[in-house]
Amino acid sequence: MRQLFIIGLFLMTSCDKKVMVDEKPLEQEKVNEIQTLLQDILDLPKLQWIYHPEVQERLPVKILESGLVTKNLKLRKFDKDVLIMTKDELETNKTLDFVNIEELFFKGDTLSFYLTYDVEGAFADGKYVWNGYKWTVLNYTVGEH
């Protein structure tokens, strides 16, 4: 069984924005793995309708910084860098069109995720599984609330 790294969602970040788990820096390999998974989640086929890239104000895609979603991640959507913004930045800019990764939970070889995009009233939740070589989406649902 692959030992991943996280049992909870609570992380601490240092001043230089290293990802921390239990007050220890997260290895770059793990940061890369999180980045790859988040990129894959953003690119899930059934999720594309929520972004509305034809609406200029919706680009670039914005994500709320929280937990494993930190500013040091390099994500792209519609040929633009994704902006990872703090709650204060979103409020200051009066930004309503942001993805909120509410859950990114690793347990053994399984990742559960839940995200919302409130400006569209949309959500997505699902699971990935580690097959020994790479993460594969097991199932996911996209809907409106």
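Please read these numbers as outputs of a predicted model, since none were measured by experiment. (Residues numbered from 1 in each chain as written. Predicted model: local features only at pLDDT ≥ 70, side-chain atom pairs only at ≥ 80, totals over all residues. Heavy atoms only, no water.)

Caption draft 1: Spatial organisation of helix H1 (residues 28-42). Helix length check: H1 (15 residues) gives 21 Å between terminal C-alpha atoms against 21 Å at 1.5 Å per residue, within 8%. Those residues of H1 lying buried are Lys30, Val31, Glu33, Ile34, Leu37, Leu38, Gln39, Ile41 and Leu42. For H1, the secondary structure elements touched by its buried residues are strand S3 (62-64), strand S4 (76-77), strand S7 (100-107), strand S8 (110-117), strand S9 (122-130) and strand S10 (135-144). (Helix = DSSP H or I, 4+ residues; strand = E, 2+ residues; numbered from the N terminus. Expected span 1.5 Å × (residues − 1). Buried < 20%, exposed > 50% of the residue type's maximum accessible area, 1.4 Å probe, protein only. Contact = heavy atoms within 4.5 Å.)

Caption draft 2: Just the side chain of Arg58, in detail. Mapped onto the elements of the fold, Arg58 is located in the loop between H1 and S3. Among the polar contacts made by the side chain of Arg58, one reaches the side chain of Glu120 at a distance of 3.0 Å. (Polar contact = N/O pair within 3.5 Å; in protein donor to acceptor, adjacent residues only side chain to side chain.)

Caption draft 3: Quick look at the packing of aromatic side chains. The full count for this structure, using the stated rule, is six aromatic pairs. Relative to Tyr128, the ring of Phe113 has its centre 6.0 Å away and its plane inclined at 50°; by these criteria the two rings are tilted. Separated by 15 residues along the polypeptide, Phe113 in strand S8 and Tyr128 in strand S9 bring together distant segments of the chain. One exposure class covers both Phe113 and Tyr128, and it is buried. An aromatic cluster of three or more residues is present, and its members are Tyr51, Phe78 and Tyr117. (Phe/Tyr/Trp six-rings, centres within 6.5 Å; stacked < 30°, edge-to-face > 60°.)

Caption draft 4: Region of the structure containing the environment of Asn72. Looking at the secondary structure, you find Asn72 in the loop between S3 and S4. Counting along the chain gives 12 residues from Asn72 to Ile84, while the straight-line C-alpha distance between them is 8.7 Å. Here the side chain of Asn72 touches Thr70 through a polar contact of 2.2 Å, side chain to side chain.

Caption draft 5: Focus on the environment of Leu104. By secondary structure assignment, the location of Leu104 is in strand S7. For the pair Leu104 and Lys127, spaced 23 residues apart in sequence, the C-alpha to C-alpha distance is 9.6 Å.

Caption draft 6: Representation of the pattern of salt bridges within the structure. Taken as a whole and judged by the stated rule, the model has five salt bridges. Notably, a salt bridge pairs Lys71 with Glu89, separated by 2.7 Å at the nearest N-O pair. Within this pair, whereas Lys71 is found in the loop between S3 and S4, its partner Glu89 is found in helix H2 (residues 87-92), the two being separated by 18 residues in sequence. The partner of Asp81 in a salt bridge is Arg76, with the nearest N and O atoms 2.6 Å apart. Arg76 sits in the partly exposed class, given a relative accessible area of 40%. (Salt bridge = Lys/Arg side-chain N within 4 Å of Asp/Glu carboxyl O.)

Caption draft 7: View of unusual backbone geometry. Cis geometry is found at the peptide bond from Leu59 to Pro60, where omega equals -5°. Here Pro60 is to be found in the loop between H1 and S3. Of note, the phi angle at His52 is positive, near 45°, even though the residue is not glycine. On the basis of relative accessible area, His52 is assigned to the partly exposed category, the value being 23%. The backbone of Lys94 sits at a positive phi, close to 55°, despite the residue not being glycine. As for its placement among the helices and strands, Lys94 is situated in the loop between H2 and S7.

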